[in-house]
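Overview (structure and organization)
As a plain string of letters, each chain reads:
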Amino acid sequence: MIRNYLKIALRNLQKNKRYAFINLIGLAVGIMGCLLIGLYIWHEWSYDRFHEKADRIVRVTWEFNFGDVLNETALTGTRVGPEFNRRFPETEAFVRLLKYPRVLAVADKMFEEKNFLYADSAFFTVFSFPLLEGNPATVLDAPHKLVITQSMAKKYFGSQNPIGESITVGGDKEFVVSGIAADASDNSQIKFDFVGSFTSLNASKEEKWSEANYLTYLLLRDEEAIETLQAKITAYMQEVGKDEMQLTGNSYTTYQLEPLTKVHLYSQLDGFEPNTNVVYLYVLTAVALLILLIACVNYTNLSTAQSAGRSAEIGMRKVMGAGRREIFLQFISEAFLLVLMAVGVAVGFTILVLPWFNQLAGKEFQPDLLLSPFIFLMLLGLSVVVAFIAGTYPAVVLSGGKVSKILKSGFSFTGSTSLRKGLIVFQFVVSIFMIIATVVILQQLSFIKNKDLGYSREQVVVLPVDAQIREQYDLLKNALRQAPGVAEVGGAYEEPTHIGWGDGLSTTEGNKRITINALPADEHIVETLDLEIVAGSNFTRSDIQLADPARGGDNITYTYMLNEAAASALGWTPEEAIGKKVAKGREGIVRAVVKDFHFRSLHEPIGPLVIFMDKRLVGAMFVKLSGRDIASSLAQLEKIWEQRVNHRPFEYQFLDENYQAMYKAEQRIAGVFTAFSVVAILLACLGLFALTAFAMVRRSKEIGIRKILGASVQDILALVSKDFVQLVLIAILIAIPLSFLAVSQWLEGFTYRIEIEWWVFLAASVLSLLIAFLTICLQAIKTAYHNPVKNLRSE
Amino acid sequence: MIQLQNIFKWYNTANRPTFILKDVSLTIDEGAFLSIMGPSGSGKTTLLNIMGMLDQPSEGSYHFMGQDVFNLKEKQRKELYKQYIGFVFQAYHLLDELTVYENIETPLLYQGVKSAERKAMVGDMLDRFRIVGKKDLFPSQLSGGQQQLVGVVRALISKPKLILADEPTGNLNSTQGEEIMQLFQQLNKEEGVTIVQVTHSEKNAAFGNRIIQLLDGQVQD
Ligand SMILES: Nc1ncnc2c1ncn2[C@@H]1O[C@H](COP(=O)(O)OP(=O)(O)OP(=O)(O)O)[C@@H](O)[C@H]1O
Ligand SMILES: [Mg+2]
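From a predicted model like this one, the values you see are computed outputs, not experimental measurements. (Residues numbered from 1 in each chain as written. Chains lettered and ligands numbered in written order. Predicted model: local features only at pLDDT ≥ 70, side-chain atom pairs only at ≥ 80, totals over all residues. Heavy atoms only, no water.)

With that settled, the discussion passes to the packing of helix α3 (residues 100-110) of chain B against helix α5 (residues 144-156) of chain B. Residues and elements named next belong to chain B. Relative to each other, α3 and α5 sit at 30 degrees, their axes nearing to 8 Å. One way to sum up the angle between α3 and α5 is to call them roughly parallel. Handedness of the crossing formed by α3 with α5: right-handed. Residue-level inspection shows Val100, Asn103, Ile104 and Pro107 of α3 in contact with α5, the latter providing Val150, Val153 and Arg154. A class-by-class count of the residues in the contact of α3 with α5 yields five nonpolar, one polar and one charged. (Axes fitted to C-alpha atoms, helices over the stretch in contact; angles between N-to-C directions. Helix = DSSP H or I, 4+ residues; strand = E, 2+ residues; numbered from the N terminus. Parallel < 35°, antiparallel > 145°, perpendicular 65-115°, else oblique. Left-handed = near helix turned anticlockwise from the far one by under 90°. Contact = heavy atoms within 4.5 Å. Nonpolar A, V, L, I, M, F, W, Y, C, P; charged D, E, K, R; others polar.)

Here it is as structure tokens:
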């Protein structure tokens, strides 16, 4: 019986090729959208779950308040891991991680490596990163042991066996390769090319609560223990705060535990890479479902519309004894067959657009992923669901109805007309919503991109500064300044795009203390970054002398600059602040107040910041270029670098690019959103196109008569588009408030954001009307020009 | 009024032309009442449609009121058509979703007649043909004869000089048919409307003042 159904279904599709084609393409595009978004979501969701002990691993984050501001960070001191492991029986092991770009050399090969981790010896037993060579328990159990990935083994050693070979790290330390790991998978928050033993670090010799530079993971004995452990930690840290740190009043310090599998999607605190906000996944899921629904709606609409022509067939079948059930099954099998074909086409489409989607979404999906049995089963399930969603309504309508009536006058569409109209409205609500959301997202991103941050970030080259470079810092800096095309050179601990150094600042008079971000810098930071001084002056010659590293650590005196937020947090106007004594470890005077600039992401307000001169802490050099010929300036910089620095290659970044990188997540979402709103609109138009076609067929007689009565082509177009345009207008009325609410909600997440402008709604409305109208015209114009006599003949 | 010269019409079926009209030449004077007869498939409808500018011949020329129809621009032809020609069909071809009133009004809409004027014109017609009482009914609520009457009224509303009727009585019983024929005769005599009708009935053909026979696409005199 089923075979019979399928055979007839196939013939029917062949008979109505055009209709089948439109349906097929529509469904295929919808399913493709679902597949792509599905892959994306699955990838995000699978993050870190591949570790066998994932359920028992927790990340420890630091929460503290040393003044009046709550601070939370994923970074912790060296003490947290070992101390908790010793003290609390709930823990089985700990792993501390430090990510630190290093220059590696083997024989004549030398590269700067960004994905260099230091990790405790339990790293390969707590996490399930597979080792191809080496014993997971011992590969990192002594200083200067190093595990490298397969591709790095190839990069440095070619076909030679790297085990036991040594690699020079950071110019002076010899590490011995003790293991080879598989390349880290891309759905891991911990990605590495090299893992050195944590004990190789000087910092590992002393356990400290402060100097938080490390990610700490604990392996619990039992995943249920997390709450007990959390309570114990809170209690213990209260003691520590009181006894060891002498915290008083509201000040406190504690640690929070986050299950490893929740970090990537739910944590606000970024580790080595930005987390994803799970809300975006929900939004994308919704988008995928909506696109699929639109495709199903097209099917439903088309088959009911098209069924008019099949009344005779169904009538005859009923006369021959087919029951309602048989007719129903017949139509469902037709839907199922078409959906199956659509799935095939969708997989083809997906493979075609995959490289492009990867780029858009920042993923690396391989086409063979689509051919895995898991996906196959999922698609089969999806087909059944889609076939039922799309096929049930037409099947019910067509299988119902009295034979005599069907044979005489076909199906009555009064009921289904309003349903069809409702479905068109639905499609356009989604499309208009997507247009508006996309425009607002793109606007906000462009706002971010072009936002005046309060410092200059264009044409600023960032060069790394390490201990060896620091020894000849001024020499190198001066050499760079002399280079043609260089306007200014300055240095600081980190880039102004994201200042992470958290600290406390107290006043001498009044003994006030605030939590603050701090940026150690050299004497040229103000002019290099074009910071605006609102009161006071730039660092003076005597400030520079007081902070000269040559005086020796204990004799250095700091000079401070505050931003406006810091001055006001201390209760001063910018003018009042000048000359006041403040202390961050050591006392010094406030030389200037600089205008607030954005040193964190635009999701956050500008907080207090202190800049102090300490060249010993400089970690990055900023070279501001003035010339037009960036390439030749860079070549000059490289030449100077190579003359003076021989322990690491010349590698640079642009400040602006680093800034843009902070909004990767948003940019990807925007890309994905744009792409899928185009898909949604195309699908909605496809549906409209097909429905207009059927409307034209149904109304061909009427149109013929009207033309004979003198109607022009324009009259006819107005006539047929009127109904549809009305529906789009209704859709606009529904979509505008919905999208307004949604985008306002999204913008709330940015402290600095655009105002939603009314023209966005107007433009989206006009655009959707125009698209709908053009779609209809494309279809209707043929009929409108058609010789009316022919329309009437076919009656 | 109508001068058809050497009209040919053919369709390419299976790459060979099938001739529908073969060298038809015909002159119809203003005020004539012409009946075209002939067996089914002889090309009557085709000829009528060409006269009504709904269709184009494959070859030949057509002068209507002194104008060379097929050398006119589409727009001018349309104007000519709107101004002078009214059509009546065997299947009435009323618009099902419009009332009698609205059906009659439709041609005026397309001619851009102002609302007040339209009202007056339609009202006049309803009066004159005594169908005021039916004006709010839909076609499906009328008998065939009444529907055809509405069809004729609709053709007359724009005061055409020529009425082209393709088997206007084909779907009507003889009494209804006769009423329509009498109406045509009256229009022809009293108002000088030129009428060309296609009919299968000798009796109805006799209402006109001239009859031509069409056979295999050729006029038989
Ligand atoms: N588009 C077309 N393609 C091919 N042949 C056509 C086409 N239109 C009409 N014909 C043929 O032209 C011939 C004449 O058709 P027409 O409708 O003029 O005949 P008729 O005399 O009005 O017949 P009836 O009395 O049945 O209405 C017919 O044989 C018809 O099959
Ligand atoms: Mg005919």
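Structure shown, so let's carry the discussion forward.
The next thing to look at is helix α20 (residues 630-644) of chain A. All names here are of chain A. Between its first and last C-alpha atoms α20 spans 21 Å; for 15 residues at 1.5 Å apiece the expected length is 21 Å, and the two agree. Inspection of α20 places Ser633, Leu634, Leu637, Ile640 and Trp641 among the buried residues, and these make up the whole buried set. One side of α20 carries all its buried residues, which in axial view fall inside an arc of 125 degrees. Structural note: α20 exposes Ala631, Lys639 and Gln643 on the side pointing more than 90 degrees away from its buried face. Taken together, the buried residues of α20 touch β14 (460-464), α14 (467-471), α15 (473-482), β15 (486-492), β23 (620-625) and β24 (653-654). (Expected span 1.5 Å × (residues − 1). Buried < 20%, exposed > 50% of the residue type's maximum accessible area, 1.4 Å probe, protein only. Arc of directions from axis to C-beta.)

Side chains of A:Asp55, A:Asp222, A:Glu223, A:Glu224 and A:Glu227 sit close together on the surface and give a patch of like negative charge. You can see A:Glu227 is positioned in helix α6 (residues 226-243). (Patch = residues over 30% accessible without salt bridge, like charges linked within 9 Å, V, L, I, M, F, W, Y side chains within 5 Å. Areas by Shrake-Rupley, 256 points an atom, 1.4 Å probe, with all protein chains shown as cover. Salt bridge = Lys/Arg side-chain N within 4 Å of Asp/Glu carboxyl O. Lys, Arg positive; Asp, Glu negative; His and termini not counted. Charge placed at Lys NZ, Arg CZ, Asp CG, Glu CD.)

The next subject is the interface of chain A and chain B. Often, the extent of an interface is quoted as the loss of accessible area upon association of its parts. Each side of the interface is counted separately: chain A has 15 residues, and chain B has 18 residues. Overall, the association of chain A and chain B removes approximately 1,500 Å² of surface from exposure, summing both partners, and the carbon and sulfur fraction of that is 60%. When the buried surface of chain A facing chain B is broken down by residue, A:Arg706, A:Ile708 and A:Leu709 rank first, second and third, together holding 38% of it. For the pair chain A and chain B, the interface holds zero salt bridges. In terms of residues, the side of chain A that touches chain B owes the most to one element, helix α23 (residues 700-708) of chain A, which gives six residues. (Buried area = accessible area lost by both parts, 1.4 Å probe.)

Turning next to the pattern of salt bridges. Considering all chains together, one arrives at 30 salt bridges over all chains under this definition. Among the salt bridges present, the one from A:Lys615 reaches A:Asp474, with a minimum N-O distance of 3.2 Å. With A:Lys615 in the loop between β22 (609-613) and β23 and A:Asp474 in helix α15, the pair connects residues that are 141 residues apart, well separated along the chain. Residue classification places A:Lys615 among the buried positions, given a relative accessible area of 12%. B:Lys203 is paired through a salt bridge with B:Glu178; the nearest N and O atoms lie 3.3 Å apart. With B:Lys203 in helix α7 (residues 202-205) and B:Glu178 in helix α6 (residues 174-191), the pair connects residues that are 25 residues apart, well separated along the chain. Looking at B:Glu178, the relative accessible area reads 30%, which means it is partly exposed. Beyond isolated ion pairs, a larger network of salt bridges with shared partners links A:Arg79, A:Glu83, A:Arg86, A:Arg87 and A:Glu207.

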